[in-house]
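# Reading the structure
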Amino acid sequence: MLKYLKDLPPQLLKVIESAKLVSSQLRCRSYLVGGFVRDLILGRKNFDLDITVEADGMDFANLLALYLKAKVIHYHRFSTATVVTPEGFKIDIATTRKESYPQPALLPYVEKGDIKDDLARRDFTINALAIGIYPEREERIIDFFGGYNDILRKKIRILHDKSFIDDPTRILRAIRFEQRFNFRIERHTLRLIKEAVSLKMFEKLSIPRLKDEFILLLKEDNIIKIIKRVEELIKWDNLIPLVILTKRKIKFLNSIKRTIGWYKREFPHKRHLDEWLMYLIGLLDGLDKIHIDYFLNKFSLRKGETKRIMSYITRGKELIDKLKKKIKPSIIYRYLEPLSYEVILLLKAKSKEKNLNKNIDKFFKVYNNVRLNISGRDLKKLGITEGPCYQVILNKLLYAKLDRGLNTKEEEMRFIKNIIGR
Ligand code: ATP
């Protein structure tokens, strides 16, 4: 067995064995390709298989799903399919294809091709390796472009000189892989990146394509190094007009990273954060609202994402001013409760004020967990007519509980009776 396959979980090896059977039965050549092969050689955990077939990928997917008792999802528009096994492994299956770019930065023409064509259309040599999973080339590494050596030498290298002109998103991908694996972009590739940047290639890209890669970039672990490398190779204002990576901005981004770390350590079970959005806000921080509106219009992020960005940009300063004072718990609660966790943590990351930090810590640790012992049903029992006043009364009770520490249900009832009486 190929040495790299040995350490895979047995269920995944079973998937690969089944794919070999399908290849034999359909008498077609099929290959493991892409990031899976790269990560396998690198010894990095990656259980998302990518299979490409020199035949109809859909037929291959249907039969493989049958063997594995798995679900299959077809993407007819792209002639690809995803098989999801009962254990949760995901296998993307496509037909080998050849691509050519009619114009720079536009989507490519796609036609049928063989494995060499399919690997030649890829971004970097390290992603252009395949492993045969059909009888004649079973478990043989197929390497037309020197990707194996580039992995050993830790190099990011494009496959041809027009690569970044054809698809400038590859520049972001180069930075992403370089920083993720601690590789270096090879010298000629670096020169071609600079050339493509000077030709303003990013302006020619359609926004959805740029956006997807842009978000993937911000989702990487090594985010601060990535952000600095973008400045070095591309300059941020080629991606977001007017964003300049000043020392102050780097300080804020570092503080965001530390604050996210604090949140995850202190509250491992609390809500998941959209960390990439926090870094994006960190980059946008300080721009005029007009320029942020322009960026948001162009990028058309999701509604919830736009809302969080605008909430920080329009109210951040005012909230920091309010929260740096010594204020009652109920006031802290009223300021923070309507905000998303991302925005609250950005306030904490932005300000060094002791009171603000204390207030936000208390909000997460105490105030936001306070629950009332009584509910609308108890109000009904007291003879209060149902309506919007319920919310008003319950809010009043919650604020009193936060400020005065009403502990028991009896204390809460007494408080309610008191305010009704009044
Ligand atoms: P990740 O580990 O981040 O998921 P990946 O290598 O699996 O990285 P995907 O974006 O899932 O990357 O793409 C799968 C494969 O498709 C890549 O390995 C690469 O060969 C190819 N690919 C993806 N995007 C491009 C692109 N813009 N240009 C050329 N090839 C690409």
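These lines cover the structure that appears in this document, whether it is placed above or below. (Residues numbered from 1 in each chain as written. Predicted model: local features only at pLDDT ≥ 70, side-chain atom pairs only at ≥ 80, totals over all residues. Heavy atoms only, no water.)

## Describing the environment of Ile 224
Heads up, the condition is: Every helix listed is a DSSP run of H or I at least four residues long, and every strand listed is a run of E at least two residues long, numbered separately from the N terminus. When a residue's accessible area, from a 1.4 Å probe over protein chains only, is under 20% of the maximum for its type it is buried; when over 50% it is exposed; and in between it is partly exposed. Between two residues, a contact is recorded if the distance between any of their heavy atoms is within 4.5 Å.
As for its placement among the helices and strands, Ile 224 is situated in helix H10 (residues 223-233). By relative accessible area, Ile 224 is classed as buried at 11%. Taking the C-alpha atoms as reference points, Ile 224 and Asp 293, 69 residues apart in sequence, are found 25 Å from one another. Residues within four places of Ile 224 in sequence aside, it is in contact with Leu 253, Asn 254, Lys 257 and Tyr 279.

## Some thoughts on the pattern of salt bridges
Applicable threshold: Salt-bridge detection follows one rule: a side-chain nitrogen of Lys or Arg within 4 Å of a carboxyl oxygen of Asp or Glu.
Per the counting criterion, the structure on display carries 35 salt bridges. We note a salt bridge from Asp 39 to Arg 38, for which the minimum N-O separation is 3.1 Å. When its relative accessible area of 5% is taken as the criterion, Asp 39 is described as buried. Here Glu 99 and Arg 121 are joined by a salt bridge, their closest N and O atoms 3.6 Å apart. Linking Glu 99 in strand S6 (residues 97-100) with Arg 121 in the loop between helix H4 (115-120) and strand S8 (130-132), this pair joins segments that are 22 residues apart in sequence. Glu 99 sits in the buried class, given a relative accessible area of 18%. Within the structure, one salt-bridge network assembled from shared partners comprises Asp 123, Arg 173, Arg 176, Arg 180, Glu 213 and Glu 220.

## Considerations on the nonpolar core
The following threshold applies: For this analysis, a nonpolar core means a set of buried residues of the types Ala, Val, Leu, Ile, Met, Phe, Trp, Tyr and Cys, connected via side-chain atoms within 4.5 Å.
With 124 residues, the main nonpolar core has Ile 234, Trp 236, Leu 239, Leu 280 and Phe 364 as its most contacted residues. Ranked by the residues each element gives to this core, the list is headed by helix H12 (residues 275-284), at 8 residues. Other than its neighbours up to four places away in sequence, Ile 234 contacts Ile 171, Leu 172, Ile 175, Val 197, Phe 202, Arg 229 and Leu 239. Counting 13 residues, the second largest nonpolar core, distinct from the first, contains Ile 374, Phe 415, Ile 416 and Ile 419.

## Description of unusual backbone geometry
For Asn 182, which is not glycine, the phi torsion reads 60° and is therefore positive. Tracing the backbone shows Asn 182 in the loop between helix H7 (169-181) and strand S11 (184-185). With a phi close to 75°, Lys 235 is a non-glycine residue in the positive phi region. Position of Lys 235 among the secondary structure elements: in the loop between H10 and helix H11 (247-266).

## Focus on a nonpolar patch on the surface
Just so we agree on the cut-off: Patch definition: residues above 30% relative accessible area lacking any salt bridge, with like charges linked at up to 9 Å and the nonpolar side chains Val, Leu, Ile, Met, Phe, Trp and Tyr linked at up to 5 Å. The Shrake-Rupley method, run with a 1.4 Å probe sphere, supplies the accessible areas, and residue values consider only the shown protein chains as cover.
Where nonpolar side chains cluster on the molecular surface, the patch consists of Ile 73, Tyr 75 and Phe 78 and spans about 290 Å² of accessible area. For Phe 78, the location among the structural elements is in the loop between strand S3 (71-75) and strand S4 (80-84).

## A closer look at the site of the ligand
Quick note on the threshold: Here, proximity means that at least one heavy atom of the residue falls within 4 Å of the molecule or strand. Pairs of N or O atoms within 3.5 Å make up the polar contacts considered here, provided that, within protein, one atom can donate a hydrogen while the other can accept it, and that residues adjacent in sequence are counted only when both atoms are side-chain atoms. By the convention adopted, Pro, Cys, Tyr, Trp, Phe, Met, Ile, Leu, Val and Ala count as nonpolar, Lys, Arg, Asp and Glu as charged, and the other residues, Gly among them, as polar.
Close to the ligand lie 14 residues, the nearest being Arg 38, Asp 167, Arg 170, Arg 176 and Arg 180. A distance of 2.8 Å is found between an oxygen atom of the ligand and a side-chain nitrogen or oxygen belonging to Arg 38. A distance of 3.1 Å separates an oxygen atom of the ligand from a polar atom in the side chain of Arg 122. When isolated, the ligand has an accessible area of 590 Å², and the protein chains bury 70% of it. If you list the elements that add at least two residues to the shell around the ligand, you get helix H2 (35-42) and H7. Ranked by residues supplied to the shell around the ligand, first place goes to H7 with 6 residues. Tallied by class, residues from the shell around the ligand come to 1 nonpolar, 4 polar and 9 charged.

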